[in-house]
Amino acid sequence: MSDTNKRQNNNADLKSTACILCELNCGIKVRTDGSHISKIIGDKAHPVSEGYVCEKTQRLDYYQNSPDRLTSPMRRRDDGSYEAIDWDTAIREVAEKFTQVRDQFGGERILYYGGGGQGNHLGGGYANSWLKALGVRYRSSALAQEKTGEFWVSGAMLGTMGRGDFEHAQVSMMIGKNPWQSHGIARARAVIREIEKDPERSLIVIDPRVSETAEKADYHLQVKPGTDAWCLSALVAILVQENLIDRAWIDRHTSGYKAIEAGFSPINVGSYARRCGVEEGILREVASVIAKAESFSTYEDLGIQMSVHSTLNSWLQRLLWLTTGHFARKGCYSPFVPLVPLVRVNAKERRSPVLKERVITGLIPCNIMADEILADHPDAYRAMIVDSGNPVHSVADIQRLRDAMRHLDVSVVIDVAMTETAREADYVLPASSQYEKVEATFFNFETPRNTFHLRHPIFPPLKGTLPEAEIHARLLEALAIPELLQELATIDALPSIDAEFPFVLSAGERRSETTNTIVRDTAWHKKGVYASLAMSPADADKLGCNTGSQVRVITPRGSGIAEITVSERMQPGHVSLPNGAGLSIRGDDDQYVTKGLAPNELTDAQWRDPIAGTPWHKHVPARVERL
Ligand SMILES: Nc1nc2c(c(=O)[nH]1)N[C@H]1C(S)=C(S)[C@@H](COP(=O)(O)OP(=O)(O)OC[C@H]3O[C@@H](n4cnc5c(=O)[nH]c(N)nc54)[C@H](O)[C@@H]3O)O[C@H]1N2
Ligand SMILES: Nc1nc2c(c(=O)[nH]1)N[C@H]1C(S)=C(S)[C@@H](COP(=O)(O)OP(=O)(O)OC[C@H]3O[C@@H](n4cnc5c(=O)[nH]c(N)nc54)[C@H](O)[C@@H]3O)O[C@H]1N2
Ligand code: SF4
Ligand SMILES: [Mo]
């Protein structure tokens, strides 16, 4: 046996799945050994990662088998300690307490945080059913402390988000982004090495630190921390002042360039260069490299998104490629179909309930969650749901968020682990891990090729855990039950039938002669009486009627004439009319003729279900009189 064959046989038992430690979700193949993941290699068959992995993937067993994994729902006692409770109790109590908040204060007083992580996205979709039933309107997630500024700018400038094409870009620029470590680009290290080796391509990095990516760059603009606004506006100013812009492209595809020209013409590039600490000559060279590039892509990340002037910088960096026409082409930043609702110019922006901060892509800023809970304000949040997020670790001033969570009427955390946030919550519901349920990857924004990776579980659910889909379904069911239980208790009092209206009329039976109102001609009807009132032989006897007899059908709302069909299918006390009859149809002589009785001439709009308002057409009180 050759070495290759041996290796293949050794790996025959590996299961395919994905790494869930960053948004790329590289395809991997793993060996499972009891409850452990004992071997992990890159999956060459995965169309995006093509076998690529970084060292972090070797840590997956620590996620799957963490000592903090939850195996039972937990409820906080008054002394702050937690007791395990069974699922039925947990679902019932959580549903009851959130229903109370909704009924007393309104669903807009319930705040939702999270909904998905680096590799789990399906659960969040199921949460919507429960959130809608509660009337939840405000949410936040980690995106609201990094990406919402970029979403806002991108929505206003382009109407959508997009992505650079670094696989093909001749010139790539990383702004406060270190893909060597943080990825964000598929096969990031391989792509950076490819660019490094290719003399035709170049990499520009703006970072105050000699990051691993900056080390491999052709141009490292080593700005002083927090001075990107000067660096980026100097670059735009050079493009404008040295006429390096693509005027023809701008005129054809954009509006408002005059204002840009007016804004950037007066900028003193020399003084801006000194301000950001990058030599003026290098800035001029970089601007010219961008202008002359066949294609140019940028990636902005936390280095500017979590620093001063962050939204301003998101705009400035877009001007670099919009003034040079590097847009929506191979190797350039290209828009994709909107996945999240972005800002539309002139649209009325939603605001958060207490501090009136912008709601961007449906998210309130993470930084205001604690203040909007603790505020002495009629619209302050009173309850919180956290699903696959750890805000008591990840947002600013976690001591204040701890205080805020303890201040709430009720809070629940859904997580695989007893996290810092879970330890502040009233209830904790244990989720199955991403290796114990179906999950999917669709956060790959590469152009032009995209993939959807549906992953099957590689372990059975850890005992005591449930996948989010099941948790949310149970919560939704528990929410619905109180109202239906009430109705169940009153079913004796069936709204019904008295001496005045002794029949139940089903108004709208489907028969071979009915097609709703699609066929507007009764000529096809050959057999029996058209649109007749079906009646049991016993009732027909009592009324002295036969098939073909004419009767008047009277309901509390109206009356009309019908012919009888005596039918063994009917039980006494029940009569039935077809739907779709009683149309006013043009005859040969252009006169309109009505055949049969239109059922809704007889029905009352008040006669409806108390919860959904659906009509009780099959149960209309009626009287039948022989003519
Ligand atoms: N290994 C690893 N990878 C990850 C993650 C992880 O936890 N670990 N998390 C993932 C997540 S959620 C995200 S959002 C991404 C984030 O990915 P990145 O944004 O790439 O990560 P950071 O290292 O936080 O910041 C990038 C760079 O910003 C630089 N920087 C600091 N101050 C400034 C400044 O004033 N100006 C400029 N221009 N740069 C500055 C830093 O020196 C750093 O090199 O990473 C993802 N990938
Ligand atoms: N000071 C400072 N703060 C930061 C940052 C920074 O650079 N500096 N970075 C920020 C950024 S970019 C980000 S993205 C945020 C991250 O902030 P968060 O999204 O709040 O935190 P994560 O650590 O990603 O939380 C993921 C949670 O999901 C849980 N989990 C994993 N798998 C599952 C599952 O299948 N189901 C459920 N229900 N839960 C699961 C994990 O146990 C974990 O508790 O932090 C932000 N905070
Ligand atoms: S790049 Fe991300 S998804 Fe790929 S192996 Fe590394 S941590 Fe996992
Ligand atoms: Mo992030």
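Read on for an overview of the structure. (Residues numbered from 1 in each chain as written. Chains lettered and ligands numbered in written order. Predicted model: local features only at pLDDT ≥ 70, side-chain atom pairs only at ≥ 80, totals over all residues. Heavy atoms only, no water.)

### Thoughts on the site of ligand 1
Neighbouring ligand 1 are 20 residues; Glu146, Ser182, Asp207, Gly226 and Asp228 lie closest to it. At 2.9 Å, a backbone N or O of Asn178 approaches an oxygen atom of ligand 1. Protein contact buries 69% of the 910 Å² of open area that ligand 1 shows by itself. Of all the secondary-structure elements, those providing two or more residues to the shell around ligand 1 are α6 (179-182) and α14 (302-305). Looking at the shell around ligand 1 residue by residue, the classes come out as four nonpolar, nine polar and seven charged. (Near = heavy atom within 4 Å. Polar contact = N/O pair within 3.5 Å; in protein donor to acceptor, adjacent residues only side chain to side chain. Areas by Shrake-Rupley, 256 points an atom, 1.4 Å probe, with all protein chains shown as cover. Helix = DSSP H or I, 4+ residues; strand = E, 2+ residues; numbered from the N terminus. Nonpolar A, V, L, I, M, F, W, Y, C, P; charged D, E, K, R; others polar.)

### Digging into the packing of aromatic side chains
Per the stated rule, a full pass over the model turns up 10 aromatic pairs. Relative to Phe327, the ring of Trp249 has its centre 6.3 Å away and its plane inclined at 75°; by these criteria the two rings are edge-to-face. Pair noted here: Trp249 is in helix α10 (residues 247-253) and Phe327 is in the loop between α15 (310-322) and β13 (334-335), with a separation of 78 residues, a long-range link. The class for Trp249 is buried, based on a relative accessible area of 12%. Consider the rings of Trp321 and Phe327, whose centres lie 5.8 Å apart with planes at 5°: the pair is stacked. Linked through ring pairs, Trp249, Trp321, Phe327 and Tyr333 together constitute an aromatic cluster. Sitting above the plane of the Phe105 ring, Arg382 keeps its charged end 3.8 Å from the centroid. (Phe/Tyr/Trp six-rings, centres within 6.5 Å; stacked < 30°, edge-to-face > 60°. Buried < 20%, exposed > 50% of the residue type's maximum accessible area, 1.4 Å probe, protein only. Lys NZ or Arg CZ within 6 Å of the ring centre and 35° of its normal.)

### What about the packing of helix α5 (residues 148-158) against α15?
Remark: α5 packs on α15, axes separated minimally by 8 Å, with the N-to-C direction vectors making an angle of 45°. The orientation of α5 relative to α15 falls into the category oblique. Note that α5 runs across α15; the crossing there is right-handed. For the pair α5 and α15, the contacting residues are Gly149, Glu150, Trp152, Val153, Ser154, Met157 and Leu158 in the first and Thr311, Ser314, Trp315, Gln317, Arg318, Leu319, Trp321 and Leu322 in the second. Split by residue class, the contact of α5 with α15 holds eight nonpolar, five polar and two charged. (Axes fitted to C-alpha atoms, helices over the stretch in contact; angles between N-to-C directions. Parallel < 35°, antiparallel > 145°, perpendicular 65-115°, else oblique. Left-handed = near helix turned anticlockwise from the far one by under 90°. Contact = heavy atoms within 4.5 Å.)

### Considerations on helix α9 (residues 228-241)
In a regular helix each residue adds 1.5 Å, so 14 residues correspond to 20 Å; α9 covers 19 Å between its end C-alpha atoms and thus fits that length. Counting buried positions along α9 yields 12 of 14 residues, so the element is predominantly enclosed. Every buried residue of α9 is accounted for by Asp228, Ala229, Cys231, Leu232, Ser233, Ala234, Leu235, Val236, Ala237, Ile238, Leu239 and Val240. Following α9 by one or two positions, Asn243 has its phi on the positive side, about 50°. (Expected span 1.5 Å × (residues − 1).)

### Focus on the pattern of salt bridges
Following the criterion strictly, the structure yields 32 salt bridges and no others. Between Glu150 and Arg318 there is a salt bridge, and its shortest N-O distance comes to 2.9 Å. You can see Glu150 sitting in helix α5 and its partner Arg318 sitting in helix α15, a full 168 residues away along the chain. Judged by relative accessible area, Glu150 falls into the buried class, the value being 8%. One network of salt bridges, with partners in common, ties together Arg75, Arg77, Glu83 and Glu93. (Salt bridge = Lys/Arg side-chain N within 4 Å of Asp/Glu carboxyl O.)

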